[in-house]
Amino acid sequence: MARYNMPKPMSMYRDTGLVDITKEFRNRYVQNMAADNSLSKAVLEMAAREQDQEAKQRLMEKYNTQLQQRSESGNYHMLGNDVVRDAQNFMKEYQPIKQEKQAYDQWLKGLTEQRDAFIKTGKGVDPFTYQAKISEANYTYKGLQFNPDGSAVETSRAKLPGYVGYVDVESRIIKHMKDVVMSEIDTTGMETPLDENMQIIQDPKTTAYYVKQGSYIKQLDPKLVSSVVNSVLNQPDTKAYNQQTSYLENFTKDRINTNSGQSLASDEIDARLLALDGEIAALENKKPKNRKEKENLEAEIKYKENLEEFILESRDKGLDDLNTLIALSSQTRELNIMDAAITKYAGVKSEKYVRDYSESSRYNQSLKDGGGATTIKFRVGADGLQTEVLGGTDIAKKEEVYNNATAVITKYTEKYGEDFVTLAGEAATKEDYDNLVKLSGGSISAQSAKTISRNIKNNNQISELITLQLDEAFASEFKMTKEEYAKTIEDNASNLNGSYDDVVYLEGQNFDINMNTIASAFSQLGKANLSNGEMLAMLDNDKQFRNKVITFIATNNFKSADYSDVDEQTLEVVEGDIRQDFIDETGNIIEDMVDSQMTLVNKGKDKISKFLDPKKDIATDALVMTSFNDLTNRTTVKIKDLFKEGLPENFALIDNEGNSTTYNQLVEDDRGIFKDAGDKPPTIVKEQIGLVAVSRPDGKPLILIPFKNKDGEIDNYYAEYDQIQAPSINAYVNSMSYQLTTMYRNGIHANVQQWTPKAFEGTVIFNYSGGPEEKVIANGISMGVEEGLKAVRLFLQDNGQDL
């Protein structure tokens, strides 16, 4: 047993815990600095709407200052609470700004998708509404306001506007009008006796001719059209779209005009009231010429008085002038739609006139006794006088016709200079033609100058009408100009892209293709400076070149790929497979991009072609002058002698479908009245040969040549007039009256609704709406077609001018 119990030995080292503390501080330092770095990044990446940029900047300055102070202090291990507090406060203060930006971006994405859907399908949000809604969203949002504690004032938050989709009101009206039944008026069968001077008589003993005439007319009552249009306009979505458009056109007019001290809307309402007062006074002082004009005048005065009363009552009720202005805009829009529909649909829509002449037995006896020869005119139907719409219905074909017309002008410009061509396009007097001779350096005669001038004018008219056709088409089908539509197509092309990541042996590697990729390939292959749309169109049309582009892009991607995961021996064996995969995948992406673009392009072309297609050939219903404009009858006798033995060899005819043919070809084809003719082929009805009083819609003067078969059936054929040279014919087709009528009919040939020929500098308008609305407006005076053309002709003649 031990004598002493000794204590256990103890180390002389004292553990102060310094190592653990140092480690803890180091960890805190790293963590706090990392947290501060995250906060710094969050501050840097803040996104905000334009209206919140100032609030965003204040936050950046506040937290960047605190971040900098902590960075400069160097004691991050002691600033954990500060870092956490700043991070929490930052998120709290930034959250409203972030929410506003996210909400706007999501709203804009939905709106853009609706706009894109409209471009592709015609359903969604049209470009006007798209831009206007973005403007409204930014106009009505003034930016966030903040409470003293840093929270957002709820009333300052954005109220992003809703929207309704596009409504094609015109298409709806067209659809509803299909079920409307037109009223019919039939006055055919009336027979009237005429004397030798073609005047109506009462005494049957003096009858030289009988004329059986009348009309069969189909027409629509304007009230019926109004009823249909009202039913369309009152459909909820139509009403909503109309009101939305009116609002978007006016919503910014709540701004104050510093000059007047009131809103722009109030200024506009004041101006409207002032104008109404003047218009009503002017109408009340106007003296109507007849009962109908009096009724129209009273109705117009009543309408303007009601409008004035509506504005004044709205103000009495304390309604905001902006809302009143929007209501007026909506009402005006509906009235314009109504007026356009009535102009288009109401009135006479189909007219068929009968005018058959026959000679009395007394007059026949007079001819046998040596009396004078008849100069009767008779009406011929549309067969053979029809032609397709100017330039056809395909955009490319129309542009080809346009380019051909402008090429003619270019040729003259290169030969005689711009001053010559400018004057030639306006020349109308003898002095003008003499000046053209001088500008040509005396190389042409005055008559040649006149011929060249007419050629330049005709080609100017063609390019003018083609442009007008396309303008009408794009405005109707896409609610935008041709240039604006082309931009939407180009924008679509610019945004096309694709990618692939399933190349064999190269898993996970992604290869992107966009229009920049394709443009680079085009440039390297010698096809630079093409738009994105043009490149895609070329890839669609030229399959050989497309393969070159695919191979070029695929080769570049093949070269840029990472082969580090494929050992060299395997790579040597599968290199060909990998290369082919690149070509196949690249080809699929290119094909998808081309198909997407061309589907959109072709849909647009189809819509335009459908609008441009009149659904039938443009026809003519015209008188035929058997006198050939020669009352002496000499021309008629000579032409009958010319055709005594039949048509001259190679004499060109035009059949009922507008195709060129010859008599021998008709016999050989064995069709129509030439079918089964045997040894008795049809012969010319010489008594009915005559000059067609107006040109065919494409401007060609024609001569009618009827044929009769052994059964007495008659078919009409035509010949271009210049195959028969006769002074009376040349004088007629070169007359001012004929040329002016031909000019008017050029607009019919183009199938446009209205044309203001540049030749008349805006003083003459041709309206082709149809029925009683078809008219000529000269110097603001509206007239029927014949009356209007006569007024224009007399004005030109009085001023020594021609066409």
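Every chain's residues receive numbers from 1 upward, in the order its sequence appears when written. Side-chain atom pairs in this predicted model are given and counted only at pLDDT of 80 or more, local residue features only at pLDDT of at least 70, and totals for whole chains, interfaces and linings cover all residues. To obtain the side-chain values, all non-hydrogen atoms of the structure were included, while hydrogens and water were left out.

### Topic: the side chain of D581
Here is step 1 of the chain: Inspection of the secondary structure puts D581 in helix α20 (residues 568-612).
Here is step 2 of the chain: Burial classes follow relative accessibility: with a 1.4 Å probe on protein chains only, a residue under 20% of its type's maximum area counts as buried, one over 50% as exposed, and anything between as partly exposed. Counting rule applied: Lys, Arg positive; Asp, Glu negative; His and chain ends not counted. The salt bridge definition used is simple: a Lys or Arg side-chain nitrogen within 4 Å of an Asp or Glu carboxyl oxygen. Buried charge D581 goes without a salt bridge, the closest partner of opposite sign being R579 at 12 Å.
Here is step 3 of the chain: Residue contacts are defined here by distance: any two heavy atoms, one from each residue, within 4.5 Å place the two residues in contact. Ignoring sequence-local partners within four residues, the contact set of D581 consists of D502, V503 and V504. Secondary structure elements follow DSSP: runs of H or I no shorter than four residues count as helices, runs of E no shorter than two count as strands, and numbering proceeds from the N terminus.

### Things to note about a negative patch on the surface
Here is step 1 of the chain: Patch definition: residues with relative accessible area over 30% and no salt bridge; like charges joined within 9 Å; nonpolar side chains (Val, Leu, Ile, Met, Phe, Trp, Tyr) joined within 5 Å. Reported accessibility uses the Shrake-Rupley method at a 1.4 Å probe radius. Residues are deemed covered only where the shown protein chains occlude them. Just so you know, the charge point we use is NZ for Lys, CZ for Arg, CG for Asp and CD for Glu. A contiguous patch of negative charge on the surface is contributed by E284, E305, E309, E313 and D316.
Here is step 2 of the chain: Broken down by element, the negative patch gets its largest block of residues, four residues, from helix α9 (residues 291-316).
Here is step 3 of the chain: For E305, the position within the fold is in helix α9.

### Notes on the confidence of the model for the protein
Here is step 1 of the chain: The pLDDT value tells you how sure the predictor is about a given residue, anywhere from 0 up to 100. Across the protein, pLDDT averages 78, with 78% of residues at or above 70.
Here is step 2 of the chain: In the model, residues 362-382 has pLDDT below 50 throughout and makes 53 contacts with residues more than four positions away in sequence or in other chains.

### What to know about helix α25 (residues 785-798)
Here is step 1 of the chain: The length a helix should cover is 1.5 Å for every residue beyond the first. In this model α25 runs 20 Å from its N-terminal to its C-terminal C-alpha over 14 residues, within 8% of the 20 Å that 1.5 Å per residue would give.
Here is step 2 of the chain: Of the residues making up α25, those classed as buried are G788, L789, V792, R793 and L796. Around the axis of α25, the buried residues are gathered within 135° of arc, so they sit on the same side. For α25, exposure combined with an orientation more than 90 degrees from the buried face picks out E786 and D798.
Here is step 3 of the chain: The inward-facing, buried residues of α25 abut α24 (736-750), β18 (764-767), β19 (775-778) and β20 (781-783).
Here is step 4 of the chain: One or two positions beyond α25, positive phi appears at G800, with a value near 65°. To be clear, the arc concerns the directions from the helix axis to the C-beta atoms.

### Description of the side chain of D432
Here is step 1 of the chain: Mapped onto the elements, D432 comes out in helix α14 (residues 430-439).
Here is step 2 of the chain: The charged side chain of D432 is buried without a salt bridge, its nearest counter-charge being K457 at 7.3 Å.
Here is step 3 of the chain: Every residue in contact with D432, bar those within four places of it in the chain, is listed here: L423, E426 and A427.

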